[in-house]
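A look at the structure
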Amino acid sequence: MDLAVSRSAFPIPMIPEMPVGMSTSAIPARIPIRMSSGNITSRGRALLMLFLFSDVGEEDAPTRIRVGSHKDIARLLAPAGEAGMAHLWLEHVGEDRPLALATGPAGTVYLCHPFLIHAAQMHRGKEPRFMAQPGLAPSEPLRLERQDGAYSPVEIAIRRALQEG
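We now turn to the structure provided with this report.

Conventions we followed
- Residues numbered from 1 in each chain as written.
- Predicted model: local features only at pLDDT ≥ 70, side-chain atom pairs only at ≥ 80, totals over all residues.
- Heavy atoms only, no water.
- Pairing = 2+ DSSP bridges.
- Helix = DSSP H or I, 4+ residues; strand = E, 2+ residues; numbered from the N terminus.
- Expected span 1.5 Å × (residues − 1).
- Buried < 20%, exposed > 50% of the residue type's maximum accessible area, 1.4 Å probe, protein only.
- Arc of directions from axis to C-beta.
- Contact = heavy atoms within 4.5 Å.
- Phe/Tyr/Trp six-rings, centres within 6.5 Å; stacked < 30°, edge-to-face > 60°.
- Polar contact = N/O pair within 3.5 Å; in protein donor to acceptor, adjacent residues only side chain to side chain.
- Axes fitted to C-alpha atoms, helices over the stretch in contact; angles between N-to-C directions.
- Parallel < 35°, antiparallel > 145°, perpendicular 65-115°, else oblique.
- Salt bridge = Lys/Arg side-chain N within 4 Å of Asp/Glu carboxyl O.

Quick notes on the sheet that holds strand β7 (residues 99-102)
In spatial order, the strands read β7-β5-β9; together these 3 strands make up an open sheet with antiparallel pairing. The open sheet has two edge strands, β7 and β9 (118-119), and neither has a second partner.

What about helix α2 (residues 153-164)?
The end-to-end C-alpha distance of α2 is 16 Å, a good match for the 16 Å that 12 residues give at a rise of 1.5 Å each. Among all positions in α2, only V154, E155, A157, I158 and A161 are buried. Across the axial projection of α2, the buried residues extend over an arc of 160 degrees, all falling on one side. Summarising the geometry of α2, the exposed residues directed more than 90 degrees from the buried face are P153, R160 and Q163. Tucked into the core, α2 has its buried residues touching α1 (69-77).

Brief notes about the packing of aromatic side chains
Across all of its chains, the model carries 1 aromatic pair by this definition. Aromatic pair F51 and F53: ring centres 6.3 Å apart, planes at 15 degrees, arrangement stacked.

Focus: the pairing of strand β4 (residues 48-52)
Within β4, 4 of the 5 residues are buried, leaving the element largely enclosed by the surrounding structure. Where β4 lies against strand β8 (residues 109-112), 4 bridges are found, and the strand directions are antiparallel. Residue pairing for β8: L50 is matched across the bridge by Y110. In this sheet, strand β10 (residues 131-132) lies alongside β4 in antiparallel orientation, the contact comprising 2 bridges. Residue pairing in the sheet places F51 in a bridge with A132 of β10.

Overview of the side chain of H113
Tracing the backbone through its elements, the reader meets H113 in the loop between β8 and β9. A polar contact of 3.0 Å, which involves the side chain of H113, links it to the backbone nitrogen of F115. Residues contacting H113, with those up to four places away along its chain left out, are L48, H70, V154, A157 and I158.

Some remarks on the environment of G94
Within the secondary structure layout, G94 lies in the loop between β6 (85-89) and β7. Judged by relative accessible area, which is 12%, G94 ranks as buried. Taking the C-alpha atoms as reference, G94 lies 8.3 Å from I73; in sequence the two are 21 residues apart. Residues contacting G94, with those up to four places away along its chain left out, are R66 and D72.

Considerations on the packing of α1 against α2
Interaxial distance between α1 and α2 falls to 9 Å at its minimum, and their mutual angle equals 70 degrees. With respect to α2, the element α1 is oriented roughly perpendicular. Contacts between α1 and α2 pair H70, K71, A74 and R75 from the former with A157, I158, A161, L162 and E164 from the latter.

Some remarks on the sheet that holds β10
With antiparallel pairing, the 3 strands of this open sheet are ordered in space as β8-β4-β10. The sheet terminates laterally at β8 and β10, the two strands that pair on one side only.

Brief notes about the pattern of salt bridges
The full count for this structure, using the stated rule, is 7 salt bridges. The closest approach of N and O atoms between E59 and R124, which form a salt bridge, is 3.4 Å. Placement of E59 in the loop between β4 and β5 (63-66) and of R124 in the loop between β9 and β10 is noted, with a sequence separation of 65 residues between them. The class of R124 is partly exposed, set by a relative accessible area of 33%. Here K71 ties to E164 by a salt bridge, and the two come within 3.9 Å at their closest N and O atoms. A residue pair is termed long-range when its members are at least 10 positions apart, and K71 in helix α1 and E164 in helix α2 qualify at 93 residues.

Just distances and angles here, no functional claims.
Here you go:
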């Protein structure tokens, strides 16, 4: 299980010790994660941003990302509408989707859909990694129905996911 303690927008990975005889290659690529709440309009979060303040390679606890999982989350949240859902367990949501790692040199910034499933992992490198995940509030609430059709890229992605679903 991955646990994280957040100090403001700086996640600090806290990984329990692995059982004797288990190697990191034996750990499944699942992302065990709990989302405390969410709604289809991503209330309060315009984008998921990951800022790398140090070089982050594959051994340096890069954030794991389920590519395309924002579509799964949109379809999961849609039935609850604006009211949203609480205490969502996402361990198996998007588990068939490819896994990517947020790696790069210091100064790299990832701008992602706010529904993207992501999680920390064990640090196996030699240097500490520094990153932040600050919140970015939307300038206006997301709206999935607009008279003028002027949808933001996030709104377009949610609409497409719901149409595909």
